[in-house]
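# Working through the structure, step by step
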Amino acid sequence: MRKKAIKTRTTLLISIAIALLINSNRFLSIVYPKLAYFNDVEGDSIPIFLFRMFAFSSYCLLLLYITIHSSTILNKLHKVIRKFVFIPLILILAKITYHVFIVSHGLLLIEIAQPEKTGISYVWIVMGLVSLLIGWLLKFQLKQRLNEIEKEQLIKENIQNELMALKSQINPHFLFNSLNSLNYIIRNSPEEAIDFVDRLSFIFRYILQSSEKNLIPIKDEIEFLNNYMHLATIRYGANVQIKIDIAIDFHSILIPILSLQILLENAIKHNEISKEYPLAIKVYHENGYIIVENKIQPRNDPEKSTGYGLANLSKRYILLKGKDIQIQKNDHFIVKLPMH
């Protein structure tokens, strides 16, 4: 499609410009003789000027087209052989088109003196060289443009593939922890297992429906988070609490999907949760960040970490938002998610 655009627009205009430049003195001698920079042009007329404009433009256009599309025209030949064939081909075309041009004058009953024929032959060489040079420049520019497009496309595909790989880590990680929770509920509170399964199915339906999305509004993430926390309260009761304080003005801002869920899951997984040590998790905004904070309460029997959670979230933020998350750890564990 880009080659067609070059042929129909750029090359046509360039061909006309070259022909007009070559014929400028003839044009001036017709319109305003005093401005003509050579006074050796005789028998000028508008029909002769238009005929030569057409002939010169066609010749330049032919050479530009062949130069730009030489790879396609000679595609059956080896790349090295193609270069040796190209030059003789151009010389033959120049010779043929020159003779056609001279013969056409005779058919149109236009006389050409020998000195002018010699001058036209030099003009033919100059037009040919200029057309070849411009054709090579256009071809080089086209190649550079296509390389840039391919490079950009490759970068996009690589980013998309990496995002898909990162998102594929989310579901198994979440499923593994949810099944552990379900196992605990079935053993300790079978009557709540049905409600847990219903909530779990809703959550997975949300994940599947959002599988084609990388970024979602904070509002949707908060709604999802409320359902996720309901599962946590089924298992831990009032011993785990979450307080969400994000102004409605920020609800339309886009963030990577399941960002908040991963942080809540991480807090529940790595901290002691009991009547003696209730876990309070705060989610709020401050200075352009969504902040998830909880007090560090090390478990007596810590679960083995897969290392996916925070590393996954960090990579997705870098790819999708161009900024990394910030992690602070003292007596509280704090994760800051950039909003912009």
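Small disclaimer: the values here were computed from a predicted structure and weren't measured.

### A short note on the overall build of the chain
In terms of regular secondary structure, the chain is built from ten helices and seven strands. Taking all 340 residues of the chain together, the buried fraction comes to 40%. In the chain, of all internal contacts separated by at least 6 residues, the share reaching a separation of at least 24 is 71%. Accessible surface, the chain: about 20400 Å² in total, of which carbon and sulfur atoms supply 62%.

### Notes on the sheet that holds strand β6 (residues 326-329)
Strand order across the open sheet formed by five strands is β2-β4-β5-β7-β6, with mixed pairing between neighbours. Every interior strand has two partners, whereas the edge strands, β2 (240-245) and β6, have only one. If you compare each strand with its neighbour and ignore which way they point, the axes differ by 15° on average. The strands that helix α9 (residues 259-270) touches are β2, β4 (279-286), β5 (289-295) and β7 (332-338); relative to β4, the one it contacts most, it runs at about 150°. Along the sheet, helix α10 (residues 309-321) contacts β6 and β7; its crossing angle with β7, the most-contacted strand, is approximately 20°.

### Considering a nonpolar patch on the surface
Taken together, Ile92, Ile96 and Val100 make up a surface patch of nonpolar side chains, about 270 Å² in accessible area. With respect to the helices and strands, the residue Val100 is situated in helix α5 (residues 79-107).

### Points about empty space enclosed by the protein
Using the criterion set out here, one finds two cavities of 30 Å³ or more in the structure. Taken as a whole, the second largest cavity spans an internal volume of roughly 40 Å³. Every residue along the wall of the second largest cavity is listed here: Leu263, Asn266, Ala267, Val292, Asn294, Phe333 and Val335. Of all the secondary-structure elements, those providing two or more residues to the lining of the second largest cavity are α9, β5 and β7. If you tally residues by element for the lining of the second largest cavity, the top one is α9, at three residues. A breakdown of the residues in the lining of the second largest cavity according to their chemical character gives five nonpolar, two polar and no charged.

### Here we look at the nonpolar core
Ile218, Val240, Leu264, Ile268, Ile290 and Leu337 are the most contacted members of the largest nonpolar core, which totals 44 residues. Within the residue set of this core, elements represented by two or more residues are α6 (114-188), α7 (193-209), α8 (218-236), α9, β4, β5, α10 and β7. With ten residues, the top contributor of residues to this core is α8.

### Concerning a negative patch on the surface
Judged by side-chain charge, Glu191, Glu192, Asp195 and Asp198 come together as a negatively charged surface patch. Assignment of secondary structure puts Asp198 in helix α7. Note on Asp198: relative accessible area 46%, which makes it partly exposed.

### Here's the deal with the packing of aromatic side chains
Tallied over the entire structure, the rule returns six aromatic pairs. Considering the side-chain rings of Tyr59 and Trp124, the 4.4 Å spacing of their centres and the 20° angle between planes classify their relative orientation as stacked. Note that Tyr59 is positioned in helix α3 (residues 46-68) and Trp124 in helix α6, a separation of 65 residues in sequence. Residue classification places Trp124 among the buried residues on the basis of a relative accessible area of 4%. A network of ring pairs unites the aromatic residues Phe51, Phe56, Tyr59, Tyr98, Phe101 and Trp124 as a single cluster.

### What about α10?
Under the 1.5 Å per step criterion, the end-to-end length of α10 is 18 Å for 13 residues, consistent within 8% with the ideal 18 Å. Listed as buried for α10 are Gly309, Asn312, Leu313, Ser314, Arg316, Tyr317 and Lys321. The positive-phi residue at the C-terminal boundary of α10 is Gly322, with phi of around 75°.

### A few points about the confidence of the model for the chain
With 78% of its residues at a pLDDT of 70 or more, the chain has an overall mean of 78. Confidence drops under a pLDDT of 50 for residues 36-43, and excluding neighbours within four residues, the segment shows twelve contacts in the predicted structure.

### Brief notes about the environment of Ile248
Locating Ile248 in the fold gives a position in the loop between β2 and β3 (254-256). In the structure, Ile248 is positioned 30 residues away from Ile218 in sequence and 9.4 Å away in space, judged by C-alpha atoms.

### Overview of the packing of α8 against α9
Pairs of packed helices are described in terms of their axes, by the angle between the two and the distance that separates them. Contact geometry of α8 with α9 gives a least axis separation of 9 Å together with a crossing angle of 20°. One way to sum up the angle between α8 and α9 is to call them roughly parallel. Read as a crossing pair, α8 and α9 show a hand that is right-handed. Every residue of α9 that contacts α8 at Glu221, Phe224, Leu225, Tyr228, Met229, Ala232 and Tyr236 is listed here: Ser259, Leu260, Gln261, Leu264, Glu265 and Ile268.

### Things to note about the pairing of β4
The pairing of β2 with β4 spans six bridges and is classified as parallel. When the bridges of β4 are listed, Ile242 appears paired with Ile281. Alignment of β4 against β5, held across six bridges, turns out to be antiparallel. The residue bridging Tyr284 from the neighbouring strand is Ile291, located in β5. Taking the residues that link successive antiparallel strands as the turn, the β4-β5 hairpin has two residues, and the phi of Asn287 there is positive, at about 55°.

Rules behind the numbers
- Residues numbered from 1 in each chain as written.
- Predicted model: local features only at pLDDT ≥ 70, side-chain atom pairs only at ≥ 80, totals over all residues.
- Heavy atoms only, no water.
- Helix = DSSP H or I, 4+ residues; strand = E, 2+ residues; numbered from the N terminus.
- Buried < 20%, exposed > 50% of the residue type's maximum accessible area, 1.4 Å probe, protein only.
- Contact = heavy atoms within 4.5 Å.
- Areas by Shrake-Rupley, 256 points an atom, 1.4 Å probe, with all protein chains shown as cover.
- Pairing = 2+ DSSP bridges.
- Axes fitted to C-alpha atoms, helices over the stretch in contact; angles between N-to-C directions.
- Patch = residues over 30% accessible without salt bridge, like charges linked within 9 Å, V, L, I, M, F, W, Y side chains within 5 Å.
- Salt bridge = Lys/Arg side-chain N within 4 Å of Asp/Glu carboxyl O.
- 1 Å grid on protein atoms, 1.4 Å probe; cavity = no way out; pocket = protein on both sides within 12 Å on 5 of 7 lines; lining within 4 Å.
- Points joined across faces, edges and corners; volume = space filled by probe spheres on them.
- Nonpolar A, V, L, I, M, F, W, Y, C, P; charged D, E, K, R; others polar.
- Core = buried A, V, L, I, M, F, W, Y, C linked by side-chain atoms within 4.5 Å.
- Lys, Arg positive; Asp, Glu negative; His and termini not counted.
- Charge placed at Lys NZ, Arg CZ, Asp CG, Glu CD.
- Phe/Tyr/Trp six-rings, centres within 6.5 Å; stacked < 30°, edge-to-face > 60°.
- Expected span 1.5 Å × (residues − 1).
- pLDDT = per-residue confidence, 0-100.
- Parallel < 35°, antiparallel > 145°, perpendicular 65-115°, else oblique.
- Left-handed = near helix turned anticlockwise from the far one by under 90°.

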